[in-house]
There are 4 protein chains.
Amino acid sequence: MKPHATPAEVEAVVERIRSLGLTPHPIPGTQRVAIGITGNKGALDPALFEGLPGVRDAIRVSQPFKLVSREVKEEDTVIDVGGVRLGGGRLAVMAGPCSVESKDQILEAAHAVKRAGASFLRGGAYKPRTSPYDFQGLAEEGLKLLALAREQTGLKVVTEAMDAETLPMVAEYADVVQIGARNMQNFSLLKRLGAVDKPVLLKRGPSATVREWLMAAEYVVSNGNPRVALCERGIRTFETATRNTLDLNAVPVLKALTHLPVVVDPSHGIGLRAHVPAMARAAVAAGADGLIVEVHPCPEKALSDGQQSLTPAEFASLMEQVRVIAGAIGRPL
Amino acid sequence: MKPHATPAEVEAVVERIRSLGLTPHPIPGTQRVAIGITGNKGALDPALFEGLPGVRDAIRVSQPFKLVSREVKEEDTVIDVGGVRLGGGRLAVMAGPCSVESKDQILEAAHAVKRAGASFLRGGAYKPRTSPYDFQGLAEEGLKLLALAREQTGLKVVTEAMDAETLPMVAEYADVVQIGARNMQNFSLLKRLGAVDKPVLLKRGPSATVREWLMAAEYVVSNGNPRVALCERGIRTFETATRNTLDLNAVPVLKALTHLPVVVDPSHGIGLRAHVPAMARAAVAAGADGLIVEVHPCPEKALSDGQQSLTPAEFASLMEQVRVIAGAIGRPL
Amino acid sequence: MKPHATPAEVEAVVERIRSLGLTPHPIPGTQRVAIGITGNKGALDPALFEGLPGVRDAIRVSQPFKLVSREVKEEDTVIDVGGVRLGGGRLAVMAGPCSVESKDQILEAAHAVKRAGASFLRGGAYKPRTSPYDFQGLAEEGLKLLALAREQTGLKVVTEAMDAETLPMVAEYADVVQIGARNMQNFSLLKRLGAVDKPVLLKRGPSATVREWLMAAEYVVSNGNPRVALCERGIRTFETATRNTLDLNAVPVLKALTHLPVVVDPSHGIGLRAHVPAMARAAVAAGADGLIVEVHPCPEKALSDGQQSLTPAEFASLMEQVRVIAGAIGRPL
Amino acid sequence: MKPHATPAEVEAVVERIRSLGLTPHPIPGTQRVAIGITGNKGALDPALFEGLPGVRDAIRVSQPFKLVSREVKEEDTVIDVGGVRLGGGRLAVMAGPCSVESKDQILEAAHAVKRAGASFLRGGAYKPRTSPYDFQGLAEEGLKLLALAREQTGLKVVTEAMDAETLPMVAEYADVVQIGARNMQNFSLLKRLGAVDKPVLLKRGPSATVREWLMAAEYVVSNGNPRVALCERGIRTFETATRNTLDLNAVPVLKALTHLPVVVDPSHGIGLRAHVPAMARAAVAAGADGLIVEVHPCPEKALSDGQQSLTPAEFASLMEQVRVIAGAIGRPL
């Protein structure tokens, strides 16, 4: 639609699409609204829409992902998370422990990352673990502790939902619902997220191509929730010197292909505490819209991922380094 | 336990384990019962159990997977699927279309694969698809058609469950519940499978190591369902000449590490119709307990995976080749 | 050319090609000669050749590899190695130690593999080792020992050349010159092999696609040596349970794309002694033209690759298993 | 050795090592000399050396790579290339076309990259190409053109040697001899490089682990040439959206394991012109000591790698971005 298209004009286009038996997907932007169309079997004639009032042009999307593509919406999507912006010109920093373990632990972590300049608190209450015998998270108790930490610090809460059953509860407590790497192609869960009224942070599967990842995002958006951010967290390769191979190539590739914000997780990506700051700096220099970093008050006692968690002091130092890089490329925190 | 341990002796050991605050997992075998123990924090003293009547010995399992390991149970697990055996000395063949598409299609496929010698009918009613715009399966309608095909042919039905919500319904219709590659680490779903009274065919995730896969099986078994078979279906590598890289190395590696049956899916594994028979033969020669093969009455019209589905005639020819190899190594169909 | 084209007709076509400023590559076959043409910038008009006496037809090769493709030559290439055939209907078995270590070792190995039914002796005199501090081979001394073993047993010798400098000496002693995985894209060496009057066994690079591998073979053939066999020896993937991932998918894929013989190395492929026989059986069932297997009189004392070498007794048992499979598919040793 | 150890003290230690039948490897540093020892079968007693004058301490190296490890030499190696430093605090930028194609092309490229601030000119005279039918480089003619460009611009020349035969000639013209990714484990060539009196830029093999790469560098250093720099250029993964997967994780991992300089090649790494600048920025932020970037006066006419080459104007813009990041982290060009 044109920048100043009226709501009535938008509505008229939506109606026209419906009248053709197709599904309209209005995607709001700061400057103009785009309206994706799905449900067509073959190509549609652009002339069906181009004459309508307020329509700028009708574009055929060449990519298999439609609603998330830059072809449908040129400008960056900016997700407003209760006043904190994810995407657009600023750098959002999310930090906190892998798992919520106790009240003291999460509050200490929250205050520490807040002091250092983070705007989101991360922490898992439901934990997908390779072994059934490992710590599986505090469940609702953990969510309550995250809410308490939010209350005390003002940080926004990012936490993972593992299944449709617990999704409503997680969505109630979370400001952003995280979907873990192993659930990236849990299509049933993705469809459910379409109906959730919270932004989604969709982690890349360990062996997912960029295109498969964008198709997973398309599941969420086409089911009704346009507020999706993507999170690169390392792919699986032959290299064993690092836990995963953080694929920063995905950052510029994604920024060209999609309007969604791109967050990078250097903690899982490289998996080695000493090297997390270098990868965080590199992620910002590559153009990431956000970082998500594991910080634990006492990493050696962490119930999960201790070897890749920073101490509060290390995180504060990382934030200084990140600020320098972010400042140099004109992307303030 | 010793081969002739009485039910009362088994029960006494189970009670002893419980009395220590631990969880017993009796794993029935054709010759003797093994009892796995989980819930311990550190190593247990074998002397706690070795003196009990009927106990042969108490073994510490060195692998991270416990109940599914050969250390716990030396002899092959044989899963009885309504009279058809999966595992042990025979080769089980599962065949049918990728998706159930219509009554005619599934019945035609079922009769054809039955004629050629398959004992299981495969076919998806719930389809995990990379794109939200692709055919997603006929859902319960598809399950009913599978049941109809079973009624007409006597074939056992293998079909996929995609989520906890539809699992009860799938389990009601299916003889074996398949878990797809992308759900291999959907831990919430794996836990639910522990309570299901049907065997599970657990496909390998496209980038899952053998150890992660066995840990996934451990989720199901430790939650109460010991009837799990593993299905190799190709891993993701750099090679683009084939759809996936069928990893037959996994067959002997698994047979050494676990007592669970191992099935191979050459159709997804190599993904090219012309080469499915070669990989099916190789799988049998490598020691697989079963094959699962895509067969469609009319592959070029298939709604999914047509390029890797065999025609009924091609399948009949494949069965001849497989019979020769299976016979040569003393593993009859 | 037609099956009964005369040498004079072949020569006339070769001349015609030269007269156009192009390079002719006659590729002899048991039934008819094919003549590849390289050096053209764009497509050539088939009419240039189709009228010539003895020409059956003129085909444009669609693949980037030309002379090695099935399009140029439909029938399998059979390499005659001093009376022993590689390719075509029989299964060739090559066996012996990773490295030649001493006279006793190589003679003992040679007699053992001969007794068990192998027709080629493998053994490295020049060893590419990851570490400069590891055993680098006996060099010419090793070649002489291989020649002695050949004299005593009648086995043909397969041994590796690592560089252009030692290639002439290796080619003098060897019946088949092996090119190792790490040299698969050593293009200078490949060009030199074009001028060598011995068959070449070209191992697949650990991360080479099938197409890159065929392009490497094309280097040898287009430089004048049409006697090339390909050897699958495992690719590098994320899996760490095995040394490499033996990619048997490559066997049917290659058999469709190229007329060159395909040999499989299960020893490097899976890298675990206990599982070599399963993979050897599977390779034969998949359609391999040959096997190359590491056998050492005393694997635990081997200077290299002991963990994947079979004992003579294990090899004899493997040969029994392989014979059964080979017999079942009509491919005698 | 201690910082102020005299040459005579160093010599005495070297002699002592020789007298034990071992090989000494003095590794000069700006502050102090380290002396690596190889040739020992088992562990040596540190007391053999600790009492000698000028010796600071005797350390057992735990890594399989010895001379290149940080354990042997803590401080960064700085390679002096005719007055231009590679390694240490500054960022070295190498740029130029993939292949030398003509006098005009290489001179235009050289002047352009010089103007934009590069200090090294890259360009291949010997080209390893996947296909034997692709442009293979201008050979000595190309080397002469590089020398001419050096004369006109003062840039140092980095160019590839492909084999032992042409190595002496390449080394005569080059200021830095590049070893390509496919030759990273060409051990014969690596040994020869030990005797070359020019620094070596050793590219990572497409599927080489960091440890294998360091072992390859160890081949060069242990054969006598300590002036080796490592070049990350992308690894092979399952992802097809990029040509390779530039593995920036390797940068901090290497900086911790080795004292050798680390250069990053974003051009081959991501393989897409539009995204080279983002990866160049990220490489610098991750801590690289240098960049090597493909620049061609007219990429669309390039005989190789046009799709990943920058125009001179794009390169000048990249240099501006890189300067900002380099400045921000206190690493000037």
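Residues numbered from 1 in each chain as written. Chains lettered and ligands numbered in written order. Predicted model: local features only at pLDDT ≥ 70, side-chain atom pairs only at ≥ 80, totals over all residues. Heavy atoms only, no water.

Below, the discussion takes up the overall build of chain A. Regarding its fold elements, chain A presents 11 helices and 12 strands. By the compact-globule yardstick of 20 Å for 333 residues, chain A fits well, its C-alpha radius of gyration being 20 Å. Judged by the C-alpha coordinates and their principal axes, chain A covers about 65 × 45 × 40 Å. Here chain A, with 333 residues, has 62% of them falling under the buried criterion. Restricting the contact set of chain A to residue pairs at least 6 apart, pairs at least 24 apart contribute 66%. When the accessible surface of chain A is summed, it comes to about 11,500 Å², and 51% of that surface belongs to carbon and sulfur atoms. When the 38 positive and 36 negative side-chain charges of chain A are each reduced to one mean point, those points stand 2 Å apart. (Helix = DSSP H or I, 4+ residues; strand = E, 2+ residues; numbered from the N terminus. Rg over C-alpha atoms; globule rule 2.2 N^0.38 Å. Buried < 20%, exposed > 50% of the residue type's maximum accessible area, 1.4 Å probe, protein only. Contact = heavy atoms within 4.5 Å. Areas by Shrake-Rupley, 256 points an atom, 1.4 Å probe, with all protein chains shown as cover. Lys, Arg positive; Asp, Glu negative; His and termini not counted. Charge placed at Lys NZ, Arg CZ, Asp CG, Glu CD.)

Further remarks concern the relation of the copies chain D and chain C. Rotating chain D by 180° and translating it 0.0 Å along the rotation axis places it on chain C, where the RMSD comes to 0.0 Å. Those values place the two copies in the arrangement expected of a two-fold rotation axis. Looking at the rotation axis and the C-alpha trace of chain D, the residue lying nearest is Ser207 of chain D, at 3.0 Å. Take the interface residues of chain D: 100% of them recur as interface residues in chain C, which is what a same-surface contact looks like. (Least-squares fit on C-alpha atoms with pLDDT ≥ 70 in both.)

The next thing to look at is the interface of chain D and chain C. At the interface, 32 residues of chain D touch 32 residues of chain C. When chain D packs against chain C, the two sides together hide about 2,700 Å² of surface, and 49% of this comes from carbon and sulfur. The tally of links between chain D and chain C comes to four salt bridges. A salt bridge links Glu165 of chain C to Arg192 of chain D, with the shortest nitrogen-to-oxygen separation between them at 2.6 Å. On the surface where chain D and chain C come into contact, there are 21 residue pairs in polar contact (both at pLDDT 80 or more). Grouping the amino acids of the side of chain D that touches chain C by side-chain chemistry returns 11 nonpolar, 11 polar and 10 charged. (Buried area = accessible area lost by both parts, 1.4 Å probe. Salt bridge = Lys/Arg side-chain N within 4 Å of Asp/Glu carboxyl O. Polar contact = N/O pair within 3.5 Å; in protein donor to acceptor, adjacent residues only side chain to side chain. Nonpolar A, V, L, I, M, F, W, Y, C, P; charged D, E, K, R; others polar.)

Here the focus is the interface of chain D and chain A. Each partner contributes to the interface: chain D provides 36 residues, whereas chain A provides 36 residues. When chain D packs against chain A, close to 2,600 Å² is buried across both sides, 70% of that on carbon and sulfur atoms. Per-residue buried area on chain D facing chain A is highest for Phe238, Glu239 and Asn249 of chain D; these three make up 22% of the total on that side. At the boundary of chain D with chain A, the tally comes to two salt bridges.

What follows deals with the relation of the copies chain D and chain A. Overlay of chain D on chain A (RMSD 0.1 Å): rotation 180°, translation along the axis 0.0 Å. Comparing interface residues between copies, 100% of those in chain D also lie at the interface in chain A; the contact surface is shared.

Here the focus is the pattern of salt bridges. Scanning the entire structure with this criterion turns up 76 salt bridges over all chains. Between Glu212 of chain C and Arg236 of chain D there is a salt bridge, and its shortest N-O distance comes to 2.7 Å. Of this pair, Glu212 of chain C sits in helix H7 (residues 210–222) while Arg236 of chain D sits in the loop between strand E10 (228–232) and helix H8 (250–257), on two different chains. Taking relative accessible area as the criterion, Arg236 of chain D reaches 21% and is therefore assigned partly exposed. One salt bridge connects Asp197 of chain D with Arg227 of chain D, and the closest N-O pair in it is separated by 3.9 Å. Taken together, the residues span a long stretch of sequence, with Asp197 of chain D in the loop between helix H6 (187–193) and strand E9 (200–203) and Arg227 of chain D in the loop between helix H7 (210–222) and E10 at a distance of 30 residues. Given a relative accessible area of 27%, Arg227 of chain D falls into the partly exposed group.

The subject of this paragraph is the nonpolar core. In this structure, Phe315 of chain A, Phe315 of chain B, Phe315 of chain C together with Phe315 of chain D are the most contacted members of the largest nonpolar core, which totals 348 residues. Beyond its immediate chain neighbours, meaning those up to four positions away, Phe315 of chain C contacts Val93, Ala95, Val113, Ala116, Ala118, Val293, Val295 and Leu310 of chain C. (Core = buried A, V, L, I, M, F, W, Y, C linked by side-chain atoms within 4.5 Å.)

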